[in-house]
Amino acid sequence: MKDILYSVFKNKCPSCHKGNVFISNNPYNLKEFDKMHQTCTCCGEKYEKEPGYFYGAMYVSYGLMVGWFVITWTANAFLFNADIINYLIFLIATIVLFMTLTFRISRLIWLNFFIKFDTEKSKCLEEK
Ligand SMILES: [Zn+2]
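What you see is a predicted model; the values in this text were computed from it and never measured. (Residues numbered from 1 in each chain as written. Predicted model: local features only at pLDDT ≥ 70, side-chain atom pairs only at ≥ 80, totals over all residues.)

## Quick notes on the overall build of the protein
- Counting secondary structure elements, the protein contains five helices and zero strands.
- Reading the helices (α) and strands (β) of the protein from amino to carboxyl end gives α-α-α-α-α.
- Its C-alpha atoms give the protein principal-axis dimensions of roughly 60 × 30 × 25 Å.
- Out of the 128 residues belonging to the protein, those deemed buried represent 20%.
- The long-range fraction of contacts in the protein, counting pairs at least 24 apart against all pairs at least 6 apart in sequence, stands at 63%. (Helix = DSSP H or I, 4+ residues; strand = E, 2+ residues; numbered from the N terminus. Buried ≥ 20, exposed ≤ 12 C-beta atoms within 10 Å, placed from the backbone. Contact = placed C-beta atoms within 7 Å.)

## Examining unusual backbone geometry
- The phi dihedral of H17 falls on the positive side, at around 65°, and the residue is not glycine.
- With respect to the helices and strands, the residue H17 is situated in the loop between α1 (2-10) and α2 (56-80).
- Overall, the presence of 20 C-beta atoms within 10 Å leaves H17 in the buried class.
- Notably, N81 is not glycine yet its phi reads approximately 55°, a positive angle.
- Relative to the helices and strands, N81 resides in the loop between α2 and α3 (84-97).
- Note on N81: 8 C-beta atoms within 10 Å, which makes it exposed.

## Comments concerning the nonpolar core
- Within the largest apolar cluster, 14 residues are counted, with the highest numbers of intra-cluster contacts made by C13, C16, V21, C40, C42, C43 and L111.
- Examining the composition of this core, we find that three residues originate from one element, helix α4 (residues 99-114), more than from any other.
- Among residues more than four places away in sequence, those in contact with L111 are P14, V21 and Y47. (Core = buried A, V, L, I, M, F, W, Y, C linked by C-beta atoms within 7 Å.)

## As for the packing of α1 against α4
- One can describe the packing of α1 onto α4 by two numbers: an axis separation of 9 Å at closest approach and a directional angle of 145°. Between α1 and α4 the crossing geometry is right-handed. Contact residues: α1 offers I4, S7 and V8, while α4 offers I105, L108, I109 and N112. (Axes fitted to C-alpha atoms, helices over the stretch in contact; angles between N-to-C directions. Left-handed = near helix turned anticlockwise from the far one by under 90°.)

## Section: the environment of A57
- In this structure, A57 sits in helix α2.
- In this structure A57 comes out as buried when scored by C-beta crowding, with 20 C-beta atoms within 10 Å.
- The spatial distance from the C-alpha of A57 to the C-alpha of E32 is 18 Å, given a sequence separation of 25 residues.
- Among all residues touching A57, those that are not within four sequence positions of it are S106, R107 and W110.

## Observations concerning the environment of F9
- The residue F9 is located in helix α1 in this model.
- When the C-alpha atoms of F9 and I105 are compared, they prove to be 7.3 Å apart, with 96 residues separating the residues in sequence.

## As for the environment of Y59
- Along the chain, Y59 falls in helix α2.
- For the pair Y59 and S106, spaced 47 residues apart in sequence, the C-alpha separation works out to 8.3 Å.

Set out below in C-alpha coordinates:
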(Lines give C-alpha, C1' and ligand atoms only; values in the text may rest on other atoms or scores of the structure.)
Protein backbone atom coordinates (compact mmCIF):
# COMPACT_ATOMS: atom_id res chain seq x y z
CA MET A 1 0.00 0.00 0.00
CA LYS A 2 2.87 2.36 0.87
CA ASP A 3 4.39 1.68 -2.56
CA ILE A 4 1.15 2.58 -4.33
CA LEU A 5 0.62 5.79 -2.34
CA TYR A 6 4.21 6.88 -3.01
CA SER A 7 3.82 6.29 -6.74
CA VAL A 8 0.41 8.00 -6.96
CA PHE A 9 1.20 11.11 -4.94
CA LYS A 10 4.81 11.59 -6.09
CA ASN A 11 4.12 11.04 -9.83
CA LYS A 12 6.59 8.13 -9.91
CA CYS A 13 6.78 5.02 -12.07
CA PRO A 14 4.92 2.21 -10.23
CA SER A 15 7.63 -0.27 -11.21
CA CYS A 16 10.83 1.48 -10.07
CA HIS A 17 9.70 4.62 -8.14
CA LYS A 18 12.48 6.61 -9.85
CA GLY A 19 11.22 7.94 -13.19
CA ASN A 20 8.32 10.38 -13.48
CA VAL A 21 5.11 9.25 -15.20
CA PHE A 22 3.92 12.74 -16.16
CA ILE A 23 6.40 15.10 -17.80
CA SER A 24 5.51 18.05 -15.54
CA ASN A 25 5.26 17.60 -11.78
CA ASN A 26 2.83 20.52 -11.58
CA PRO A 27 -0.80 19.42 -12.17
CA TYR A 28 -1.81 23.05 -12.70
CA ASN A 29 0.56 23.56 -15.64
CA LEU A 30 -2.43 23.53 -18.01
CA LYS A 31 -0.36 23.10 -21.19
CA GLU A 32 1.40 19.97 -19.96
CA PHE A 33 -0.68 18.47 -17.14
CA ASP A 34 -1.78 15.52 -19.35
CA LYS A 35 1.57 14.87 -21.09
CA MET A 36 3.03 11.51 -20.08
CA HIS A 37 6.26 9.71 -20.87
CA GLN A 38 5.55 6.68 -23.11
CA THR A 39 8.01 4.57 -21.14
CA CYS A 40 9.74 5.09 -17.81
CA THR A 41 12.89 7.19 -18.25
CA CYS A 42 14.66 5.02 -15.67
CA CYS A 43 13.54 1.36 -15.96
CA GLY A 44 11.86 1.47 -19.38
CA GLU A 45 8.43 0.24 -18.19
CA LYS A 46 5.86 0.89 -20.94
CA TYR A 47 2.91 2.82 -19.48
CA GLU A 48 0.26 2.52 -22.20
CA LYS A 49 -0.03 -1.27 -22.46
CA GLU A 50 -2.46 -1.20 -25.40
CA PRO A 51 -4.47 1.39 -27.37
CA GLY A 52 -7.18 2.83 -25.14
CA TYR A 53 -5.49 1.53 -22.00
CA PHE A 54 -6.26 4.68 -20.04
CA TYR A 55 -10.02 4.52 -20.66
CA GLY A 56 -10.06 2.44 -17.48
CA ALA A 57 -8.74 5.46 -15.57
CA MET A 58 -12.09 7.14 -16.26
CA TYR A 59 -13.75 4.57 -13.98
CA VAL A 60 -11.20 5.38 -11.29
CA SER A 61 -11.94 9.08 -11.78
CA TYR A 62 -15.68 8.38 -11.51
CA GLY A 63 -15.07 6.47 -8.26
CA LEU A 64 -13.00 9.33 -6.85
CA MET A 65 -15.71 11.85 -7.72
CA VAL A 66 -18.47 9.71 -6.17
CA GLY A 67 -16.33 9.44 -3.04
CA TRP A 68 -15.82 13.22 -2.99
CA PHE A 69 -19.59 13.75 -3.41
CA VAL A 70 -20.44 11.37 -0.55
CA ILE A 71 -17.86 12.95 1.81
CA THR A 72 -18.90 16.54 1.07
CA TRP A 73 -22.63 15.76 1.09
CA THR A 74 -22.31 14.00 4.45
CA ALA A 75 -20.19 16.82 5.88
CA ASN A 76 -22.73 19.36 4.68
CA ALA A 77 -25.71 17.40 6.01
CA PHE A 78 -24.27 16.87 9.48
CA LEU A 79 -21.87 19.77 10.03
CA PHE A 80 -22.54 22.81 7.85
CA ASN A 81 -26.23 22.63 6.87
CA ALA A 82 -25.73 24.88 3.83
CA ASP A 83 -28.70 25.08 1.47
CA ILE A 84 -28.61 22.94 -1.67
CA ILE A 85 -27.64 25.78 -4.06
CA ASN A 86 -24.62 26.78 -1.98
CA TYR A 87 -23.65 23.13 -1.65
CA LEU A 88 -23.87 22.59 -5.43
CA ILE A 89 -21.78 25.72 -6.09
CA PHE A 90 -19.16 24.40 -3.66
CA LEU A 91 -19.25 20.91 -5.22
CA ILE A 92 -18.91 22.14 -8.82
CA ALA A 93 -16.17 24.64 -7.88
CA THR A 94 -14.11 21.96 -6.13
CA ILE A 95 -14.58 19.47 -8.99
CA VAL A 96 -13.37 22.07 -11.51
CA LEU A 97 -10.52 23.14 -9.23
CA PHE A 98 -9.30 19.55 -8.72
CA MET A 99 -9.99 18.38 -12.31
CA THR A 100 -6.36 18.17 -13.43
CA LEU A 101 -5.32 16.58 -10.14
CA THR A 102 -8.09 13.97 -10.43
CA PHE A 103 -7.06 13.22 -14.02
CA ARG A 104 -3.49 12.51 -13.00
CA ILE A 105 -4.28 10.62 -9.79
CA SER A 106 -6.77 8.42 -11.69
CA ARG A 107 -4.17 7.46 -14.29
CA LEU A 108 -1.55 6.78 -11.63
CA ILE A 109 -3.99 4.59 -9.64
CA TRP A 110 -4.92 2.78 -12.86
CA LEU A 111 -1.23 2.14 -13.63
CA ASN A 112 -0.71 0.83 -10.10
CA PHE A 113 -3.52 -1.72 -10.59
CA PHE A 114 -1.41 -3.48 -13.24
CA ILE A 115 2.22 -2.62 -12.49
CA LYS A 116 3.72 -3.68 -9.18
CA PHE A 117 6.84 -2.32 -7.51
CA ASP A 118 9.92 -4.32 -8.52
CA THR A 119 13.06 -4.02 -6.39
CA GLU A 120 15.22 -5.17 -9.32
CA LYS A 121 13.87 -2.39 -11.54
CA SER A 122 14.32 0.16 -8.74
CA LYS A 123 18.09 -0.25 -9.17
CA CYS A 124 17.91 1.36 -12.62
CA LEU A 125 19.59 4.62 -11.51
CA GLU A 126 22.48 2.79 -9.87
CA GLU A 127 23.34 0.98 -13.11
CA LYS A 128 23.54 4.14 -15.23
ZN1 LIG B 1 10.36 2.95 -13.91
